[in-house]
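# A structural walkthrough
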Amino acid sequence: MAFGATCDRCGCDLLVADVRFHVNLELAQAYDPMEVAPKEQRRQMRGELEAAIRTLESLPASEVQKLADESYSSFRFDLCGHCAALLRDEARAFFRSKNAAPHDPPPAGDAAN
Ligand SMILES: [Zn+2]
């Protein structure tokens, strides 16, 4: 079947459905807002950036891809009306969960900024 012709959750035929939905999910690592730094700090930051680029260039491609995947992911799904309604409810529950508790810190070397 053509791309987007079936629901990515239940597999029903979307071409005969009265309504269908697209879900675009983007997960991007957040950074602190850029501060205006005095000239000396900007020079120091440039050195740190150049060192970071050299480090990235020395890593195997698979490691660079892993870092990229951890920093940014995007997904696109097609859903039928029934599955879209379920997603709305589940998304609300996920983001407003009263049962969610802070998790343990990530293992050493896997720290987020
Ligand atoms: Zn569905």
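On a predicted model such as this, the values are computed, not experimentally measured, just so you know.

With that out of the way, let us pick up the overall build of the chain. Within the chain one finds three helices and two strands. Among the 113 residues that make up the chain, the fraction classed as buried is 5%. Sequence-distant contacts, at least 24 apart, represent 74% of the contacts inside the chain between residues at least 6 apart.

What follows concerns the environment of Phe-77. You can see Phe-77 is positioned in strand 2 (residues 72-80). Here Phe-77 is in contact with Asp-8 and Val-23, once residues within four sequence places are set aside.

Core analysis: the largest hydrophobic core is formed by five residues, namely Cys-7, Leu-14, Leu-79, Cys-80 and Cys-83. Residue contacts for Cys-80: discarding those within four places in its chain leaves Cys-7, Cys-10, Cys-12, Leu-14, Ala-17 and Arg-20.

As a further point, take the confidence of the model for the chain. Scored by pLDDT, the chain comes out at a mean of 85, with 87% of its residues at no less than 70. The weakest mean pLDDT in the chain belongs to helix 1 (residues 39-58) at 86; the strongest belongs to strand 2 at 95.

With 20 residues, helix 1 extends 29 Å from end C-alpha to end C-alpha; this agrees with the ideal 28 Å at 1.5 Å per step. A small share of helix 1 lies buried, amounting to zero of its 20 residues.

Turning our attention to the environment of Glu-26. Its place among the elements puts Glu-26 in strand 1 (residues 20-28). Of the residues examined, Glu-26 has 9 C-beta atoms within 10 Å and is grouped as exposed. Along the sequence, Glu-26 and Ser-73 sit 47 residues apart, while their C-alpha atoms lie 5.9 Å from each other.

Analysis parameters
Residues numbered from 1 in each chain as written. Predicted model: local features only at pLDDT ≥ 70, side-chain atom pairs only at ≥ 80, totals over all residues. Helix = DSSP H or I, 4+ residues; strand = E, 2+ residues; numbered from the N terminus. Buried ≥ 20, exposed ≤ 12 C-beta atoms within 10 Å, placed from the backbone. Contact = placed C-beta atoms within 7 Å. Core = buried A, V, L, I, M, F, W, Y, C linked by C-beta atoms within 7 Å. pLDDT = per-residue confidence, 0-100. Expected span 1.5 Å × (residues − 1).

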